[in-house]
Amino acid sequence: MNLTTYWKYLHTIVVLAVLFLISLVFASHTMIQTLLGVGSLAWFLLFLIREIYMNSKQTKRTKFQVRLSHVLIIFGLLLFNASVHQTFISTFGQSDIDQFWGEHEAAIHMNGKAYHLIWTKRSFLSTTYFYNLYERRGLFFHRVNSKVISYAKHSSSQADYGAVKTFLHYTKKQGVK
């Protein structure tokens, strides 16, 4: 591999590393700590570090091998992005990116247990809150609810407590444990 080719590949790696850092800044910290989040992070870092190592040793590889390595790194980055947000992939088909666009998270306590609540608010003619509840089990967070929880506020006569208080209010009212 000549020096020009080496710098071209290095440029690609730097761009991918910067995109990863941007993804990390906007990622849900709860979702990073799920098994899928950690697995996709490991996939991306494994192939990125392998590519950096191969470039630093200037190992002779065919164009196909280099491109395959870059495809695996890009796939890892896309999987990481899909895993650290409330998407079809990270919730195993229960929610989509449109539903949880602009997601927020908060630590809450219910019935003496600590949870992480990921929520979003949609308003048009009525206000609807969408929630996913996560609990730490061992090293990773696991989603507690099997389906996306939603509460709608239809009229101005209903009190809007804010996302977290609305969740706690309705779960207490419904006797959810």
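Everything below is about the structure shown above.
The rules behind each value
Residues numbered from 1 in each chain as written. Predicted model: local features only at pLDDT ≥ 70, side-chain atom pairs only at ≥ 80, totals over all residues. Heavy atoms only, no water. Helix = DSSP H or I, 4+ residues; strand = E, 2+ residues; numbered from the N terminus. Buried < 20%, exposed > 50% of the residue type's maximum accessible area, 1.4 Å probe, protein only. Contact = heavy atoms within 4.5 Å. Core = buried A, V, L, I, M, F, W, Y, C linked by side-chain atoms within 4.5 Å. Phe/Tyr/Trp six-rings, centres within 6.5 Å; stacked < 30°, edge-to-face > 60°. Axes fitted to C-alpha atoms, helices over the stretch in contact; angles between N-to-C directions. Parallel < 35°, antiparallel > 145°, perpendicular 65-115°, else oblique. Left-handed = near helix turned anticlockwise from the far one by under 90°. Expected span 1.5 Å × (residues − 1). Arc of directions from axis to C-beta.

**Q** Please explain the overall build of the protein as it appears in this structure.
**A** When you go through the protein residue by residue, the secondary structure sums to 5 helices and 5 strands. In the protein, the succession of α and β elements from N to C terminus is α-α-α-α-β-β-β-β-β-α. Across the 177 residues of the protein, 38% fall into the buried class. Contacts in the protein between residues at least 24 apart in sequence constitute 51% of all its contacts with a sequence separation of at least 6.

**Q** I tried to follow the nonpolar core on my own but got confused; where do I start?
**A** Generally speaking, nonpolar side chains in soluble globular proteins are found buried as a group. One finds Phe-44, Ile-73 and Val-84 to be the most contacted residues of the largest nonpolar core, which totals 16 residues. Listed by contribution, the elements that provide at least two residues to this core are helix 1 (3–26), helix 2 (29–32), helix 3 (35–56) and helix 4 (63–83). Once you skip the residues sitting within four places of it in the chain, Val-84 turns out to touch Ala-27, Ser-28, Met-31, Ile-32 and Glu-103. Judged by nonpolar contacts, the second largest core, of 11 residues, contains Ile-108, Tyr-115, Tyr-151 and Phe-167.

**Q** Would you mind showing me how to read the packing of aromatic side chains here?
**A** One pair of aromatic rings is described through two measures. These are the centre distance and the angle between the planes. On inspection of all chains with the given rule, the structure shows 4 aromatic pairs. Each ring, one from Phe-20 and one from Phe-44, has its centre 4.7 Å from the other, and the planes form 25°; the classification is stacked. One end of the pair, Phe-20, is in helix 1; the other, Phe-44, is in helix 3, with 24 residues separating them in the sequence. For the pair Trp-43 and Phe-47, a centre-to-centre distance of 5.1 Å together with 55° between the ring planes defines the contact as tilted. Pair noted here: Trp-43 and Phe-47 are both in helix 3, with a separation of 4 residues, about one helical turn. Overall, Phe-47 belongs to the buried group, its relative accessible area being 15%. Counting every residue linked through ring pairs, the aromatic cluster contains Phe-20, Phe-44 and Phe-80.

**Q** Explain the side chain of Thr-34 to me, please; I cannot follow it from the model alone.
**A** Along the polypeptide, Thr-34 turns up in the loop between helix 2 and helix 3. Residue class for Thr-34 comes out buried when judged on its relative accessible area of 8%. Setting aside residues no more than four positions away along its own chain, Thr-34 makes contact with Tyr-134, Phe-140 and Phe-141.

**Q** I'm lost on the packing of helix 3 against helix 4 in this one. Help?
**A** Helices that pack against each other are described as a pair by the angle of their axes relative to one another and the distance between those axes. Contact geometry of helix 3 with helix 4 gives a least axis separation of 8 Å together with a crossing angle of 155°. In terms of orientation, helix 3 and helix 4 fall into the roughly antiparallel class. As helix 3 runs across helix 4, the sense of the crossing is left-handed. Here Leu-36, Gly-37, Ser-40, Leu-41, Trp-43, Phe-44, Phe-47, Leu-48, Arg-50 and Glu-51 of helix 3 come into contact with helix 4, specifically with Ser-69, His-70, Leu-72, Ile-73, Phe-75, Gly-76, Leu-77, Leu-79, Phe-80 and Ser-83.

**Q** What is the right way to look at the environment of Ala-106 in this model?
**A** Among the secondary structure elements, Ala-106 is positioned in strand 1 (residues 104–110). Between the alpha carbons of Ala-106 and Trp-119 there is a distance of 8.3 Å; along the sequence they are 13 residues apart. If we ignore the near neighbours within four places in the chain, the residues touching Ala-106 are Tyr-115, His-116, Leu-117 and Val-164.

**Q** Help me understand helix 4 in this model?
**A** Each α-helix winds once per 3.6 residues, and so residues spaced three or four apart point in a common direction. Over its 21 residues, helix 4 runs 30 Å from end to end, which matches the ideal 30 Å to within 8%, given 1.5 Å per residue. Those residues of helix 4 that fall on the buried side of the exposure criterion are Val-66, Ser-69, His-70, Ile-73, Gly-76, Leu-77, Phe-80, Ala-82 and Ser-83.

**Q** I keep staring at helix 3 and nothing clicks. Help me out?
**A** For helix 3, with 22 residues, the first-to-last C-alpha span of 31 Å sits near the 32 Å given by 1.5 Å per residue. If you check which residues of helix 3 are buried, you get Gly-37, Ser-40, Phe-44, Phe-47, Leu-48, Glu-51, Met-54 and Asn-55. Projected down its long axis, helix 3 carries its buried residues within an arc of 150°, all on one side. Exposed residues lying more than 90 degrees from the buried face of helix 3 are Leu-35, Leu-46 and Ile-49. Downstream of helix 3 by a residue or two, Gln-58 has a phi angle that is positive, lying close to 50°.

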